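# Examination of the molecular architecture
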Amino acid sequence: MKYAAAYLLAQLGGKDSPSEADVKAVLASVSAEVDDAKLSAFFAAIDGKDVAELIKEGTAKLATVGGGGGGGGGGGGGRRRRRHRR
């Protein structure tokens, strides 16, 4: 995910087609570690594809997943008081 984010940030920074070095520079700017094998795999996966189209396809896939429900009900929040019998 960080490679995709860094790629998109490089695009926003003015690179039409960011290189691996551009992505590494973005990640280095925030002291993130780079796994060269994963970065190469990312570039292989997007090679020859339009990034905007990939985002559109991914958004459509996420729409089918659903959002899930809310969390469970909250507790009473605090200590329970006991009544003392006399």
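Residues numbered from 1 in each chain as written. Predicted model: local features only at pLDDT ≥ 70, side-chain atom pairs only at ≥ 80, totals over all residues. Heavy atoms only, no water.

What follows covers the pattern of salt bridges. According to the stated counting rule, one finds two salt bridges in the structure shown. Close ionic contact of Lys15 with Asp22 constitutes a salt bridge, the shortest N to O distance being 3.7 Å. A residue is classified by how much of its surface remains accessible, and Lys15, at 42% relative accessible area, is partly exposed. A salt bridge links Asp36 to Lys24; the shortest N-O distance between them is 2.9 Å. Taken together, the positions of Asp36 in helix α3 (residues 36-46) and Lys24 in helix α2 (residues 20-28) put the pair 12 residues apart, joining distant regions of the chain. Looking at Asp36, the relative accessible area reads 44%, which means it is partly exposed. (Salt bridge = Lys/Arg side-chain N within 4 Å of Asp/Glu carboxyl O. Buried < 20%, exposed > 50% of the residue type's maximum accessible area, 1.4 Å probe, protein only. Helix = DSSP H or I, 4+ residues; strand = E, 2+ residues; numbered from the N terminus.)

Before going further, it helps to spend a moment on the nonpolar core. Membership of the largest hydrophobic core is limited to 10 residues, which are Tyr3, Ala6, Tyr7, Val23, Leu27, Leu39, Phe42, Phe43, Ile46 and Val51. The set of elements that each furnish at least two residues to this core consists of α1 (2-12), α2 and α3. Among the elements that make up this core, the one with the highest residue count is α3 (four residues). Leaving out residues up to four positions away in the same chain, Ala6 has contacts with Val23, Val26 and Leu27. (Core = buried A, V, L, I, M, F, W, Y, C linked by side-chain atoms within 4.5 Å. Contact = heavy atoms within 4.5 Å.)

So, about the environment of Gly13. Within the fold, Gly13 resides in the loop between α1 and α2. On the basis of relative accessible area, Gly13 is assigned to the exposed category, the value being 67%. Counting along the chain gives 13 residues from Gly13 to Val26, while the straight-line C-alpha distance between them is 9.9 Å.

Quick look at unusual backbone geometry now. Its identity is not glycine, yet Ser31 carries a phi of approximately 60 degrees, on the positive side. With respect to the element layout, Ser31 can be found in the loop between α2 and α3.

Turning next to the confidence of the model for the protein chain. Per-chain confidence: the protein chain averages 86 in pLDDT, with 81% of residues scoring 70 or above. Least confident of the elements in the protein chain is helix α4 (residues 51-65), whose mean pLDDT is 87; most confident is α2, at 96. (pLDDT = per-residue confidence, 0-100.)

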